[in-house]
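Each chain, letter by letter, is given below.
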Amino acid sequence: MDLWQKLRVHINEFFFENYPYIALYSGVGVAFTAYLHYQWQMHHYDLMHWKHLTEAFSQDIDCFQLAILLGNPDDGGEMSLPEIKDRYARFILLRLIARLDRIHSKISAKRKTLTFQHCARAHANMAKAVALFRKDARKLILPNESEILMPIEDIYGVAEDEDRLLRRSGYYKLIIDTTDDTVKALFNAK
Ligand SMILES: *[C@@H]1O[C@H](CO)[C@@H](O)[C@H](O)[C@H]1NC(C)=O
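Residues numbered from 1 in each chain as written. Predicted model: local features only at pLDDT ≥ 70, side-chain atom pairs only at ≥ 80, totals over all residues. Heavy atoms only, no water.

As for the packing of aromatic side chains
We describe a pair of aromatic rings using the distance from one ring centre to the other and the angle between the two ring planes. Summed over the entire model, instances satisfying the criterion amount to one aromatic pair. Between the NZ or CZ atom of R167 and the centre of the ring of Y172, over which it lies, the distance is 4.1 Å. (Phe/Tyr/Trp six-rings, centres within 6.5 Å; stacked < 30°, edge-to-face > 60°. Lys NZ or Arg CZ within 6 Å of the ring centre and 35° of its normal.)

Side note on the nonpolar core
With 22 residues, the main nonpolar core has F133 and L166 as its most contacted residues. Breaking this core down by element, the ones donating at least two residues are α3 (81-109), α4 (116-141) and α8 (180-188). Looking at which element gives the most residues to this core, the answer is α3, with nine residues. Aside from chain neighbours lying at most four places away, what touches L166 is F91, L94, R95, A98, Y171 and Y172. (Core = buried A, V, L, I, M, F, W, Y, C linked by side-chain atoms within 4.5 Å. Buried < 20%, exposed > 50% of the residue type's maximum accessible area, 1.4 Å probe, protein only. Helix = DSSP H or I, 4+ residues; strand = E, 2+ residues; numbered from the N terminus. Contact = heavy atoms within 4.5 Å.)

Some words on the site of the ligand
The environment of the ligand is formed by R138, N144, S146 and E147. N144 is positioned such that a nitrogen or oxygen atom in its side chain is 2.3 Å from an oxygen atom of the ligand. Contacts to the ligand include E147, whose side-chain N or O atom sits 2.5 Å from an oxygen atom. Relative to its unbound accessible surface of 370 Å², the ligand loses 37% to contact with the protein. When the residues that make up the shell around the ligand are grouped by side-chain class, the tally is no nonpolar, two polar and two charged. (Near = heavy atom within 4 Å. Polar contact = N/O pair within 3.5 Å; in protein donor to acceptor, adjacent residues only side chain to side chain. Areas by Shrake-Rupley, 256 points an atom, 1.4 Å probe, with all protein chains shown as cover. Nonpolar A, V, L, I, M, F, W, Y, C, P; charged D, E, K, R; others polar.)

Here we look at the side chain of H118
Note that H118 resides in helix α4. Not counting the four nearest positions on each side in its chain, H118 is found in contact with I107, K110 and T113.

Section: the pattern of salt bridges
The tally for this structure, following the rule as stated, stands at seven salt bridges. The partner of R87 in a salt bridge is E153, and the shortest N-O contact between them spans 3.4 Å. In this pair, R87 sits in helix α3 while E153 sits in helix α6 (residues 152-155), placing the two residues 66 residues apart along the sequence. Owing to a relative accessible area of 22%, R87 belongs among the partly exposed residues under this scheme. With relative accessibility at 38%, the residue E153 sits in the partly exposed group. Between D136 and R95 there is a salt bridge, with the nearest N and O atoms lying 2.4 Å from each other. Of this pair, D136 sits in helix α4 while R95 is found in helix α3, placing the two residues 41 residues apart along the sequence. The buried category is assigned to D136, whose relative accessible area is 8%. Overlapping salt bridges bring together R95, K135 and D136 as one network. (Salt bridge = Lys/Arg side-chain N within 4 Å of Asp/Glu carboxyl O.)

Everything listed is a geometric property; what it means functionally is a separate question.
And the structure:
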């Protein structure tokens, strides 16, 4: 009797804590069964049909991945000038944001034990990040004579490893404006 009551309490607790999931899973299960039943009634699609369909689908996925792999090398070398400049502008902007972000989180982490030296160093690092951005942005806005004559990929190339890091850290999910005006405005910011 005692055991039975304990068990009931446990079961009650389990349902109480997990009822949203249980409701969701059983809802999906009911819908799925109803769908299979409907297909069986209407088209006589039995479980074998679904098995074949999933197999065909996974083969399609393989072909699709292969197509992407084969397609990629072709696309690699064929970016247009605006695309190259846009990629470059995005890269230097996101790199600036990422660096300022990193400096800011370091300072925030030390909030309680912050000294003047920390602030001074943070400020110097921010100035360095902005200076690098301005140096690279200048090439975009006011390329000099020798830069105009250089191959476009050489002046507006992006550092692959750093680019990959920005991508992995999610900075490319930021929606940013890389029009010349924005870069110009940031470039001239005092
Ligand atoms: C153009 O800028 C580059 C830096 O990208 C610099 O090394 C070069 O001396 C500059 N050339 C002229 C003609 O100003």
